[in-house]
Amino acid sequence: NGIDRRRLMKPRIIVTRRWPDAVEHILAERFDTTFNRGDAPLKPIELKAAFQAFDAILPTVSDSLPASLFPESDSRTRIIANYGVGFSHIDIDAARAQGIVVTNTPGVLTDCTADIALSLLLAVARRAGEGERQLRAGEWAGWCPTHMIGAKVTGKTIGIIGMGRIGKATAKRAHFGFDMDVVFYNRSKVDDEETRAMGARQLPTIEDVLAEADFVSLHCPGGAANRHLINAERLAAMKPGAFLINTARGDVVDQAALVAALESGKLAGAGLDVFDGEPVVPEGLTRLENVVLLPHLGSATEETRVAMGMKAVDNLTAFFDGKEVPDRVV
Ligand code: DGY
């Protein structure tokens, strides 16, 4: 009948994880949608099969799509609408080679991710995690002048690596909220006026930033180009007693070198929302007191997760209507 024909004509799409209900509802209305009700990450073999069975794949950061999963030819999938701004888990060259469009969800998670960067910065500087653990363990002996002394944040220097949307939102919070000096490294020149408006200075190299910053906050993409951008040498180039904050991608930091820098006392602490190989977090990190570790919460607010889903809906709708796709990265 007519209804069945219309359903058959709808693009077939697969959503790899649970999305907010409001967005799933719209996806189900507009597309012939397969949901992963179990919400466990799909296996590589299932993702590989999806390229033959669906017109669109809607993955998240927890779905790795390396070149080996892309079909060599005749992919049924014509668009990958990623639920997230970072897309280093998707092999962009393989997508391009197959003529598959890739989209992401920029803008809508900027504020919440910057909020998490500042939360980590404050929490690690002021030893909030340690303090909470001590209190919950019933080990707090009461107020005293020398108890759990942390580092003052106000007036210090933050060094931002990667001055995209989230880097800028973090810089503004640090400068206007905490009177911090902001120095940053970005591959391309950031407009002078914009830099001044953030109370910031762009420096020529990462090393220049590391040499000045009391807090280094990472906001660059992950993936091969930035793998271990913060390695042992660069950790050694940081100021003694500095802090590292990572809300970008785990692979940007050499985790073993970071553990060594924290254990030796070279760094005072680290606040991490992302990990190389997450959700596995190395024991070297979890046994340290001077780290605050969060389970990739940057975009995790109701408003943001719905807005991310709506971006994906808009990208898919535009694509299948033959219109310009707003957040196309390939
Ligand atoms: C992103 O969007 O890239 C985050 O890491 C997940 O929301």
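As the structure is a computational prediction, the values presented were derived from the model and not from experiment.

Novice: Go over the overall build of the chain with me, naming the residues and quoting the values.
Specialist: The secondary structure content of the chain amounts to 13 helices and 12 strands. A compact globule built from 330 residues should have a C-alpha radius of gyration of about 20 Å, and the chain, at 22 Å, falls within 12% of that. Along the longest, intermediate and shortest principal axes, the C-alpha atoms of the chain span 80 × 50 × 35 Å. Counting the 330 residues in the chain, one finds 38% classified as buried. Residue pairs at least 24 apart in sequence account for 65% of intrachain contacts in the chain once pairs closer than 6 positions are excluded.

Novice: Account for helix α5 (residues 110–125), naming residues and giving values.
Specialist: Its 16 residues give α5 an end-to-end C-alpha distance of 23 Å, which sits within 8% of 22 Å, the value for a rise of 1.5 Å per residue. Restricting attention to buried positions, one finds in α5 the residues Thr110, Thr113, Ala114, Ile116, Ala117, Leu118, Leu120, Leu121, Ala123, Val124 and Ala125. Those residues of α5 that are buried are in contact with α6 (128–136), α7 (165–178), β9 (215–218), β10 (242–246), β11 (267–272) and β12 (291–293). Two residues or fewer past α5, Arg127 is found with a positive phi of approximately 60°.

Novice: I'd like to hear about the domain arrangement of the chain, residue by residue, with values.
Specialist: When cut into domains, the chain gives domain 1 (2–108 + 302–320) and domain 2 (110–293). Each of domain 1 and domain 2 was reduced to a C-alpha centroid, and the two centroids are 32 Å apart. Across the contact, five residues belong to domain 1 and seven residues belong to domain 2. When grouped by side-chain class, the residues that make up the side of domain 1 that touches domain 2 number one nonpolar, four polar and no charged.

Novice: Go over the packing of α5 against α7 with me, naming the residues and quoting the values.
Specialist: Relative to each other, α5 and α7 sit at 55°, their axes nearing to 8 Å. The angle between α5 and α7 falls in the class oblique. Read as a crossing pair, α5 and α7 show a hand that is right-handed. Counting all contacts with α5, which are made through Thr110, Asp111, Thr113, Ala114, Ala117 and Leu118, the residues of α7 involved are Arg165, Ile166, Ala169, Thr170, Arg173 and Ala174. A class-by-class count of the residues in the contact of α5 with α7 yields six nonpolar, three polar and three charged.

Novice: Lay out the sheet that holds β11 with the relevant residues and their values.
Specialist: Judged by pairing direction, the sheet is parallel, and its seven strands sit side by side in the order β8-β7-β6-β9-β10-β11-β12 without closing on themselves. Across the chains shown, the open sheet's two edge strands, defined by having one partner strand only, are β8 (200–202) and β12. On average, adjacent strands in this sheet sit at an angle of 15° to one another, irrespective of strand direction. Packed on one face of the sheet, α7 meets β6 (157–161), β7 (181–185), β8 and β9 and runs near 160° to β7. Strands in contact with helix α11 (residues 255–263) are β10, β11 and β12; relative to β11, the strand with the most contacts, it is inclined by about 140°.

Parameters at a glance
- Residues numbered from 1 in each chain as written.
- Predicted model: local features only at pLDDT ≥ 70, side-chain atom pairs only at ≥ 80, totals over all residues.
- Helix = DSSP H or I, 4+ residues; strand = E, 2+ residues; numbered from the N terminus.
- Rg over C-alpha atoms; globule rule 2.2 N^0.38 Å.
- Buried ≥ 20, exposed ≤ 12 C-beta atoms within 10 Å, placed from the backbone.
- Contact = placed C-beta atoms within 7 Å.
- Expected span 1.5 Å × (residues − 1).
- Domains from an automatic or database assignment.
- Nonpolar A, V, L, I, M, F, W, Y, C, P; charged D, E, K, R; others polar.
- Axes fitted to C-alpha atoms, helices over the stretch in contact; angles between N-to-C directions.
- Parallel < 35°, antiparallel > 145°, perpendicular 65-115°, else oblique.
- Left-handed = near helix turned anticlockwise from the far one by under 90°.
- Pairing = 2+ DSSP bridges.

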